[in-house]
Structures are given as C-alpha cells and as structure tokens.
Amino acid sequence: TAIAVFTFTTTNAQNEDSTVGFAKSDLYISGSVGLASVSTDGVSNTAYSISPAIGYFLSDNIALEADLTFSDAGTDDSSAFGAAIGAIYFFSPAKQFSFAIGGGFDYESTEQGVVAPKLNSWFIGLTPGMNYFISDSFALRAGIGSLGYGSSKLDTDGAEATNTFGFSLDLYDIQFGLTYKF
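Parameters and conventions
Residues numbered from 1 in each chain as written. Predicted model: local features only at pLDDT ≥ 70, side-chain atom pairs only at ≥ 80, totals over all residues. Heavy atoms only, no water. Helix = DSSP H or I, 4+ residues; strand = E, 2+ residues; numbered from the N terminus. Buried < 20%, exposed > 50% of the residue type's maximum accessible area, 1.4 Å probe, protein only. Contact = heavy atoms within 4.5 Å. Areas by Shrake-Rupley, 256 points an atom, 1.4 Å probe, with all protein chains shown as cover. Polar contact = N/O pair within 3.5 Å; in protein donor to acceptor, adjacent residues only side chain to side chain. Core = buried A, V, L, I, M, F, W, Y, C linked by side-chain atoms within 4.5 Å. 1 Å grid on protein atoms, 1.4 Å probe; cavity = no way out; pocket = protein on both sides within 12 Å on 5 of 7 lines; lining within 4 Å. Points joined across faces, edges and corners; volume = space filled by probe spheres on them. Nonpolar A, V, L, I, M, F, W, Y, C, P; charged D, E, K, R; others polar. Pairing = 2+ DSSP bridges. Phe/Tyr/Trp six-rings, centres within 6.5 Å; stacked < 30°, edge-to-face > 60°.

K.L.:
Is there a simple way to explain the overall build of the protein in this structure?
P.N.:
In terms of regular secondary structure, the protein is built from one helix and 10 strands. Along the protein, helices and strands appear, N-terminal first, in the series α-β-β-β-β-β-β-β-β-β-β. Buried positions account for 29% of the 182 residues belonging to the protein. Put simply, 53% of the contacts in the protein that link residues at least 6 apart link residues at least 24 apart. In the form shown here, the protein has an accessible surface area of approximately 11200 Å², with 62% of it arising from carbon and sulfur atoms.

K.L.:
Quick question: what am I supposed to make of the side chain of Thr179 here?
P.N.:
You can see Thr179 is positioned in strand S10 (residues 174-181). Classification of Thr179 as buried rests on a relative accessible area of 3%. At 3.1 Å, the side chain of Thr179 and the side chain of Ser30 are in polar contact. Other than its neighbours up to four places away in sequence, Thr179 contacts Phe22, Tyr28, Ile29, Ser30, Asn131, Ser137, Phe138, Ala139 and Arg141.

K.L.:
Mind showing me how you'd approach the environment of Ser98 here?
P.N.:
For Ser98, the location among the structural elements is in strand S5 (residues 97-112). Sequence separation of Ser98 and Gly129 is 31 residues, and the distance between their C-alpha atoms is 8.7 Å. For Ser98, the residues in contact, after removing those within four places along its chain, are Phe90, Phe91, Ser92, Pro93, Gly129, Met130 and Asn131. A polar contact of 3.4 Å, which involves the side chain of Ser98, links it to the backbone nitrogen of Phe91.

K.L.:
Would you explain the nonpolar core in this entry?
P.N.:
Among soluble globular proteins, nonpolar side chains are generally buried collectively. Membership of the largest hydrophobic core is limited to 10 residues, which are Val20, Phe22, Tyr28, Phe57, Ala63, Ile88, Phe90, Ala100, Phe133 and Ala139. In contact with Ala139, not counting residues within four places along its chain, are Asn131, Tyr132, Phe133, Ile134, Gly177, Leu178 and Thr179.

K.L.:
Looking at this structure, I do not really get the layout of surface pockets. What am I missing?
P.N.:
Empty pockets left among the atoms are what a rolling probe the size of a water molecule brings to light. In this model, the largest pocket occupies a volume close to 1300 Å³. As for the largest pocket, its lining consists of 50 residues, of which Asp67, Ala84, Asp106, Thr127 and Gln175 are closest to the centre. Split by residue class, the lining of the largest pocket holds 18 nonpolar, 26 polar and six charged.

K.L.:
Which parts of the structure should I look at to understand the pairing of strand S4 (residues 78-90)?
P.N.:
Regular strands place side chains that alternate from one sheet face to the opposite one. Residues Ser78, Ala80, Gly82, Ala84, Gly86, Ile88 and Phe90 point to one face of S4 and are all buried, whereas Ser79, Phe81, Ala83, Ile85, Ala87 and Tyr89, pointing to the other face, are not buried. Where strand S3 (residues 62-72) and S4 come together, 11 bridges link them in antiparallel fashion. Its bridge partner being in S4, Ala63 is matched across the sheet by Ile88. Of the pairings in the sheet, the one linking S4 to S5 comprises 13 bridges and is antiparallel in character. Looking across to S5, one finds that Ser78 is bridged to Gln112.

K.L.:
Help me understand the packing of aromatic side chains, please; the structure alone is not making it clear to me.
P.N.:
Geometry of an aromatic ring pair is reported as the spacing of the ring centres plus the angle between the planes. A full pass over the atoms with the stated rule returns 13 aromatic pairs. Pairing Phe97 with Phe99 gives two aromatic rings, centres 5.0 Å apart and planes at 85°, and the pair type is edge-to-face.

K.L.:
Help me understand the environment of Ala80 in this model?
P.N.:
Following the sequence through the fold, Ala80 ends up in strand S4. Excluding its chain neighbours within four sequence positions, the residues that come into contact with Ala80 are Thr69, Phe70, Ser71, Glu108, Ser109 and Thr110.

K.L.:
I keep staring at unusual backbone geometry and nothing clicks. Help me out?
P.N.:
Glycine aside, residues mostly have negative phi angles, and peptide bonds mostly take the trans form. Despite not being glycine, Ser25 has its phi angle at roughly 75°, a positive value. Of note, Ser25 is situated in the loop between helix H1 (2-12) and strand S1 (27-40). Taking the relative accessible area as the measure of exposure, Ser25 reaches 44% and is therefore partly exposed.

Interpretation note: all reported values are geometric properties and have no functional meaning in isolation.
The structure is reproduced here in structure tokens:
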C-alpha cells in the first residue's frame with residue numbers, strides 16, 4: 001500500500017514535459033533474474049533463472065513482447081528452457097506509473113535429471129502488472145499472479161497430460177523485472 005501511495009503522489013507531481021513513459025513505436029528490452037539457495041539436511045544447492053525479453057509498441061497502449069527463460073533448480077541436473085510471446089495493454093503508458101495486463105502463450109521444456117523423462121508444458125493466460133519509470137529510459141516492472149489454462153506432459157510413450165485452470169493474485173507470486181526503453 002505504501003508503494004502505491006508513493007507512486008501515485010510521485011506520478012501526480014511529474015512534469016508534463018518529461019519524456020518518461022511509452023509511446024507508439026518504442027522498443028524496449030526487459031527481463032528478470034532469480035537466485036535462491038536451498039539447504040536440506042546440510043546439503044546446499046543454488047537455483048537460478050534468467051528471463052530476457054524484447055518488446056515493441058504497436059500503438060500507444062499495446063506492446064508485443066517475446067521472451068526466453070533459462071533456469072536451473074540446482075538439484076539432480078534439473079534445468080528448463082522456455083519461450084513466450086504475447087501482448088501487453090498499458091492503461092496509461094505515457095505516464096511515469098501505469099497499470100498493465102498482459103496475455104500470451106508460454107512453452108517450457110524441463111530436464112528433470114539424468115534418469116527422469118523431460119517434461120513439456122504450455123500455458124496461455126493473463127497477468128496483471130504495473131510499470132514505474134525511475135528515469136527517462138529505465139522502468140521497474142512487476143507482474144502479480146495469473147488467470148489461465150496450462151498443460152504438462154512427460155515426454156514418454158503413453159504419458160497423459162495434466163491440465164490446469166487457475167486464478168491467482170497471491171502476493172507470493174510476484175515477479176519483478178527491469179525495463180530499458182530505447
């Protein structure tokens with residue numbers, strides 16, 4: 001709540017001549033990085049993820065975005081590679097702070113160790129979020145939860161898919177990132 005109040009007061013005090021925000025034909029790169037250390041029974045593992053993305057504004061409010069995801073769970077040679085494509089609607093893109101909603105399609109292939117089969121997953125859904133410019137070119141971004149449908153299936157003969165439909169606005173499911181506007 002404190003962040004939202006600070007953001008709204010800062011946004012209202014913004015100079016109208018500023019170049020902060022997005023506009024049609026803007027190109028940006030974005031991404032997020034994650035790092036975690038997990039310790040179980042005295043054995044420590046380090047997990048990481050990196051997700052670079054590129055986006056282009058088709059109009060003043062709508063951007064197309066594509067991203068890649070690389071991650072390693074730090075245990076049993078478990079790693080994943082994924083790709084996503086989608087569109088994001090920004091409610092007030094020309095301002096310092098903007099709410100956004102993104103929709104898209106994600107695919108991920110997870111190697112689950114030497115002896116376990118690969119797991120292939122896809123997800124289609126919507127994610128609410130926000131964007132806050134800290135300078136003319138750099139913005140902080142956050143996505144919170146999702147609404148969508150997904151499917152996962154082991155890469156073996158006779159495997160059946162596990163399908164999931166879900167809605168979440170859980171504050172434990174927040175993704176933070178950084179954006180650079182060219």
